[in-house]
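Residues per chain, in single letters:
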Amino acid sequence: MKTIRLFIMLVFFSCVFGAIDALAGNVYGTSAVIYDYANNRTRGYSRTQVDYATAEYYTAYVCGELYKDGVYQVRACQSGIITATIYTQYTGTSATGSVVSDHYVDMKYFDEEQSSYIDYSGYRFLPGNNYPIDWFFYPAEIFGYFPVSIYLGSTYNQIPTKLRFIHTPPRAPNGIGPEITVTNGDVLDTAGNVKLSNQCGVYRNMAYELVDQQDKPIVVAFNITETFADYSGVDSVPGTLSQSISAGNIVGDTQYMGRTAPTCLGTNDNESFTQHFMVTLGGKNHNLTTVVSILRGRFSGTYMCDVAITTP
Amino acid sequence: MKVCKTWLVLALATGLGAIAFGQSVADSGVVKPKHVLERQVAIRGLEKITIERAFREAMSSGNVPGGIVLPGDCANEDERQLDIASTTLRDVLDSIVSAAPSYRWQYRRGVVNLIEVRDGTALLGLRIKRFEVKNAKTLSGALNDLMNLSEVKRRLEEVNISQAKQEIGLTDLRRTDSGMDGDTQGFSVSCSNVTFREALNEIVRANGKGAWAYSERHCNGRDEIRINFIVQ
């Protein structure tokens, strides 16, 4: 009986590939949607990839399911050595595409009655088996094969859906900071940077996190554009502004109404409006559901800046 | 007898690894960057779009610093149809000018300007003796310093026009417990004998991105200039 110690193999991998990780037992799942404007196609991309050590005993298998504005379109599956990839598609690019990828590894193990193949990657053990102390393992060859398809989990492409408050002290605890009145001072943004100086007015800082259709944070870089509607007040509707957000970062906002000192707001200089957002990610625009209602200015002499998410 | 496949796997893995490594080298080869005007930009809704929005989306998606001088009309800007040959920044700018002949565009030292020709600016041509900003953290902060120059204030008084409220906009905020940008690298501007417009261009150039929008309005009994960063 020939045996090989796992750690020897790992050392060998390290030598060959240098900085490339050679982790046994890792499987990588990927989901993406590609808008092919030139060919008017929306394509779903699903991939399951096992690492090299895992590939000896497992075949990658993936199924991709493509949706158009949330409506099912097509499902297809594919197996492969080390990597299994399947594309799905439908015609058109105007709708929002989403893909769900189901990731599997097809395992083949053997049973020679006295001993059984050890699933060293940890997906599943045969009944009564554990990792041996010295990590011997026995590749399958001539004994009985028992194919098992193991569902590992699913991934999906993230669709920017809404903003939610995120705790960012000291300027935006729980996502929304205190109301600050200045008579001849600086207006600071959520990060504490001076945005305007010599101001007389009222403001409030906020911090938002972009989340997807399953309320999970989106941590890649994106562009966000704010637009305004339902305006009522003494000035005019704020203009549309765009901001690029770096990978891993969140969205800060500062709602301010005031004048440059020594001029201050009149006793009833105020305004109200709604704030809407659009996110551009991967060349595709996504209108967020989030609507923020804002009331700011001076009301019968009292400074006020109210900010509330009225539609999540 | 059990035959170990491990060495076969190692050999296969080595081969595939070499292929993968070779691929990554090919991918990371030195590629001469495209000229700014040849960058691909993304604009949606070409059948109905305002010039300001087309410019904003082009600057934002192309990550190109720029500025636009908008007309001081009191009514909302008309939407137009753009006929764009391709999605390079140059073609988008050409199509804007074709759809709105009162505009012209220019590119200078990395900054694109789209200017409304008939605009009579109270401020853009003003000569600035010296403008210096050190380690500015935001575009608004740098603009603040520019507006506080004595010659700018004097000019506004001379032409009897005030600055409209500046929109602060959203910010790119670090995901930390504090969100503070204490160690964020700022940008500095130092220029002399430039026009106000050139100073605005210097701000976005030094920041590496961003687009300003300037307009003068005489509406509802108010005489105002508006300067906002429509792309930050």
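These numbers come from a predicted model, not from an experiment. Starting from 1, residues in each chain are numbered consecutively following that chain's sequence as written. Ligands are numbered from 1 and chains lettered from A, in the order in which they are written. Totals for whole chains, interfaces and linings use every residue, but because this is a predicted model, local features are given only for residues with pLDDT of at least 70 and side-chain atom pairs only at 80 or more, for both listing and counting. Neither water nor hydrogens contribute to the side-chain values; these are computed over all heavy atoms in the structure.

1. Focus on the packing of aromatic side chains
All names here are of chain A. To pair, rings of Phe, Tyr and Trp, with the six-membered ring standing in for Trp, must have centres within 6.5 Å; the planes then decide the type, stacked if under 30 degrees apart, edge-to-face if over 60, and tilted in the middle. In total, this model carries 9 aromatic pairs over all chains according to the counting rule given. Ring geometry for Y67 versus Y72: centroids 6.0 Å apart, planes at 75°, classification edge-to-face. Considering the side-chain rings of Y231 and F273, the 6.2 Å spacing of their centres and the 20° angle between planes classify their relative orientation as stacked. Note that Y231 is positioned in strand β13 (residues 222-233) and F273 in strand β16 (residues 270-281), a separation of 42 residues in sequence. Any residue under 20% of the maximum accessible area for its type is buried, any over 50% is exposed, and the rest in between are partly exposed; the area is computed with a 1.4 Å probe on protein chains only. Take Y231: its relative accessible area is 22%, and that puts it in the partly exposed class. Here F273 falls in the buried class, since its relative accessible area comes to 3%. One aromatic cluster in this structure is built from Y61, Y104 and Y151. Only when the NZ of Lys or the CZ of Arg is both within 6 Å of the ring centre and within 35 degrees of the ring normal is a charge said to sit over the ring. Directly above the aromatic system of Y35 lies the positively charged group of K284, at a separation of 4.4 Å from the ring centroid. In this description a helix means any DSSP run of H or I spanning at least four residues, a strand means any run of E spanning at least two, and both kinds are numbered starting from the N terminus.

2. Things to note about the environment of L139(B)
Residues and elements named next belong to chain B. Mapping L139 onto the fold places it in helix α4 (residues 139-147). By relative accessible area, which is 4% here, L139 ends up buried. Counting along the chain gives 29 residues from L139 to I168, while the straight-line C-alpha distance between them is 9.6 Å. Working rule for contacts: check all heavy atoms of both residues, and any pair within 4.5 Å makes them a contact. Sequence-distant contacts of L139, that is, excluding residues within four places in its chain, are made with F187, I203, V204, N207, K209, G210, F229, V231 and Q232.

3. Details of the state of the cysteines
All names here are of chain A. A pair of sulfur atoms, both from cysteines and within 2.5 Å, is called a disulfide here. One pass over the full model with this rule turns up 2 disulfides over all chains. The disulfide partner of C63 is C77, and the S-S distance across this bridge is 2.0 Å. Residues C63 and C77 are joined by a disulfide whose S-S torsion is about 110°; by sign, that bridge is right-handed. Here C77 lies in strand β5 (residues 71-80) and C63 lies in strand β4 (residues 58-68), a separation of 14 residues in the sequence. Taking relative accessible area as the criterion, C63 reaches 3% and is therefore assigned buried. With relative accessibility at 32%, the residue C77 sits in the partly exposed group.

4. Focus: the nonpolar core
Residues and elements named next belong to chain B. In plain words, nonpolar cores are sets of buried Ala, Val, Leu, Ile, Met, Phe, Trp, Tyr and Cys residues tied together by side-chain atoms within 4.5 Å. Of all hydrophobic cores here, the largest spans 33 residues; its most connected members are F131 and F196. Broken down by secondary-structure element, the contributors of at least two residues to this core are β5 (111-116), β6 (127-136), α4, α5 (150-158), β9 (187-195), α6 (196-207), β10 (211-219) and β11 (222-231). In contact with F131, not counting residues within four places along its chain, are A142, D145, L146, L149, V189, S190, C191, A199 and I203.

5. Comments concerning the pairing of strand β6 (residues 83-91) of chain A
All names here are of chain A. Side chains A84, I86, T88 and Y90 project from β6 onto a buried face, and the interleaved T83, T85, Y87, Q89 and T91 project onto a face without burial. One bridge is not enough; two strands pair if DSSP finds at least two bridges between them. By the bridge criterion, 9 bridges tie strand β3 (residues 41-50) to β6 in an arrangement that is antiparallel. In the sheet register, R47 faces β6, and the bridge partner there is T85.

6. Observations regarding the pattern of salt bridges
One speaks of a salt bridge when a side-chain nitrogen belonging to Lys or Arg is within 4 Å of a carboxyl oxygen belonging to Asp or Glu. Counted according to the given criterion, the structure contains 21 salt bridges over all chains. The partner of E57(B) in a salt bridge is R53(B), and the shortest N-O contact between them spans 2.7 Å. One end of the pair, E57(B), and the other, R53(B), are both in helix α2 (residues 51-62), 4 residues apart, so they sit about a helical turn from each other. The exposure class of R53(B) is partly exposed, given its relative accessible area of 25%. Note that R108(B) is salt-bridged to E198(B), the shortest N-O span being 3.5 Å. Linking R108(B) in strand β4 (residues 103-108) with E198(B) in helix α6, this pair joins segments that are 90 residues apart in sequence. Judged by its relative accessible area of 26%, E198(B) falls in the partly exposed class. Through salt bridges with shared partners, one network takes in D235(A), R259(A), E271(A), R296(A), K165(B), R222(B), E224(B) and R226(B).

7. Here's the deal with the packing of α2(B) against helix α3 (residues 89-99) of chain B
Residue and element names in this part refer to chain B. Viewed as axis vectors pointing N to C, α2 and α3 meet at an angle of 175°, and their least axial separation amounts to 11 Å. By the angle class used here, α2 and α3 are roughly antiparallel. Of α3, the residues touching α2 (which contributes I51, A54, F55, A58 and M59) are L89, V92, L93 and I96. Between N-to-C directions, angles cover 0 to 180 degrees, with each direction set by a line fitted to C-alpha atoms, over the stretch in contact for helices. Orientation categories follow fixed angle ranges, with anything under 35 degrees roughly parallel, anything over 145 roughly antiparallel, 65 to 115 roughly perpendicular, and all other angles oblique.

8. So, α6(B)
Residues and elements named next belong to chain B. Helix span is expected to be 1.5 Å times the residue number reduced by one. Taking 1.5 Å as the rise per residue, α6 with 12 residues should run 16 Å; its terminal C-alpha atoms sit 17 Å apart, in good agreement. Along α6, the positions that sit buried rather than exposed are F196, R197, A199, L200, N201, E202, I203 and V204. Positive phi shows up at G208, right after α6, with a value of about 90°.

9. Structural notes on the confidence of the model for chain B
Residues and elements named next belong to chain B. A score between 0 and 100, pLDDT records how confident the predictor is in each residue. For chain B, per-residue confidence averages 79 on the pLDDT scale, and 78% of positions sit at 70 or higher. When mean pLDDT is taken per element in chain B, α6 scores highest with 96 and helix α1 (residues 6-27) scores lowest with 36. Across residues 1-29, confidence stays below pLDDT 50; counting only partners more than four residues off in sequence or on other chains, it has 38 contacts. The complex prediction reports pTM at 0.75, with the ipTM value standing at 0.74.

10. Topic: α3(B)
Residue and element names in this part refer to chain B. When we look at burial in α3, the residues that qualify are L89, V92, L93, S95 and I96. Looking straight down α3, one finds that the buried residues subtend no more than 160° of arc, so they occupy a single side. On the buried face of α3, the contacting elements are α2, β4 and β5. By arc we mean the arc of the directions from the helix axis to the C-beta atoms, nothing more.

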